[in-house]
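Report on the structure
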Amino acid sequence: MTEFATATATATPPRGNTSCFTEQNFNRLLVTMKDKTYPEGTHLFWEGDFSDKLFFVKRGRIKLTKSTDEGKELILYMYGRGDMVGQADPFFSSKHSFTAEVIEDSEVGIIEQKDLEILICQHCDFAIDFMKWMGIHHRLTQTKFRDLMMYGKPGALCSTLIRLSNTYGEKQGDNILINKKITHTDLSNMIGATRESVNRMLSDLRKKDALEYVNGMILIKDLVMLQDICHCELCPNEICRI
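All values reported here derive from a predicted model rather than from experimental measurement.

**Considering unusual backbone geometry**
Note: most peptide bonds trans; most residues except glycine with negative phi. For Asn215, which is not glycine, the phi dihedral falls at a positive 55°. By relative accessible area, which is 66% here, Asn215 ends up exposed. Its identity as a non-glycine residue notwithstanding, Leu234 has a phi of 55°, on the positive side. Following the sequence through the fold, Leu234 ends up in the segment after α7 (223–229).

Rendered as structure tokens:
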């Protein structure tokens, strides 16, 4: 059963993609939120719903997906603690062009459009920080489409592995462990490829000793090789993320 509670700024959550906000402006966001818990398998919103809210993830994980006419699912983003989710369009009525599915039990702060408009109108420094957040969001989208379209499926897969390592990676000596179990189906949905082609590409990377599996999780052993395949431009981590 879901529960609502008024958010306070007493316990500051992690910042995620909201690190562009100053502490003062971040606290202004926090006090406007109403908290709601979402069980795994539920949705924050569906493709076609009106975009009149933003969602701040305090706990859990959310994936944003786009469905094709054939019913295939493409994973656009995966968000975690400290990330703000939603279509950044505070002054125009618009509809979501994707679906937000809860993939771990989550606690989310909901920011109503009318409250966001008040913050933007009353505080010019908040408006600047919000534009910075929108800019990061757009750059993330642009770089993802570049990686998906420019260097074929191997480049898209290597880019996705790098993004996963920046989002969930743990250093283990010279290697990086992606500390989330990502299935081949998940990877295929992230790059718009078949599961079979992802299996082949991963097998090739294992033969080249670029990666290995440890307890069902991906261990990246040669990050430079992955970067060469996808012509990595060494974007900052707030952009190069899943």
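**Regarding the confidence of the model for the chain**
When pLDDT is averaged across the chain, the result is 88; 92% of the residues are at 70 or more. Taking the mean pLDDT of every element in the chain, the minimum, 41, falls on strand β1 (residues 4–6) and the maximum, 97, on strand β2 (residues 34–38). Note on residues 1–10: pLDDT under 50 across the span, and 21 contacts to partners over four residues away in sequence or across chains.

**A few points about the packing of aromatic side chains**
For the structure on display, the rule yields seven aromatic pairs. Taking 6.5 Å as the distance between ring centres and 15° as the angle between the ring planes, the aromatic pair formed by Phe126 and Phe130 counts as stacked. Separated by four residues within a single helix, Phe126 and Phe130 lie in helix α3 (residues 124–150), roughly one turn from each other. Both residues of the pair, Phe126 and Phe130, belong to the buried class. Through pairs of rings, three or more aromatic residues link up here, namely Phe21, Phe126, Phe130 and Trp133.

**Overview of the sheet that holds strand β10 (residues 211–214)**
If you walk across this open sheet you meet the four strands as β8-β9-β11-β10, and the pairing is antiparallel. In the strand order of this sheet, the two ends are held by β8 (169–172) and β10, each with one partner. Each strand of the sheet is rotated relative to its neighbour by a mean of 30°, with strand direction disregarded.

**Quick look at empty space enclosed by the protein**
Per the counting criterion, the structure on display carries three cavities of 30 Å³ or more. Residue lining of the largest cavity: Thr143, Arg146, Asp147, Ser159, Ile162, Arg163, Cys230, Cys232, Glu233, Leu234, Cys235 and Cys240, and that is the complete set. Of all the secondary structure elements, the ones that give two or more residues to the lining of the largest cavity are α3 and α4 (152–168). Residues that form the lining of the largest cavity fall into these classes: six nonpolar, two polar and four charged.

What counts as what
- Residues numbered from 1 in each chain as written.
- Predicted model: local features only at pLDDT ≥ 70, side-chain atom pairs only at ≥ 80, totals over all residues.
- Heavy atoms only, no water.
- Buried < 20%, exposed > 50% of the residue type's maximum accessible area, 1.4 Å probe, protein only.
- Helix = DSSP H or I, 4+ residues; strand = E, 2+ residues; numbered from the N terminus.
- pLDDT = per-residue confidence, 0-100.
- Contact = heavy atoms within 4.5 Å.
- Phe/Tyr/Trp six-rings, centres within 6.5 Å; stacked < 30°, edge-to-face > 60°.
- Pairing = 2+ DSSP bridges.
- Axes fitted to C-alpha atoms, helices over the stretch in contact; angles between N-to-C directions.
- 1 Å grid on protein atoms, 1.4 Å probe; cavity = no way out; pocket = protein on both sides within 12 Å on 5 of 7 lines; lining within 4 Å.
- Points joined across faces, edges and corners; volume = space filled by probe spheres on them.
- Nonpolar A, V, L, I, M, F, W, Y, C, P; charged D, E, K, R; others polar.

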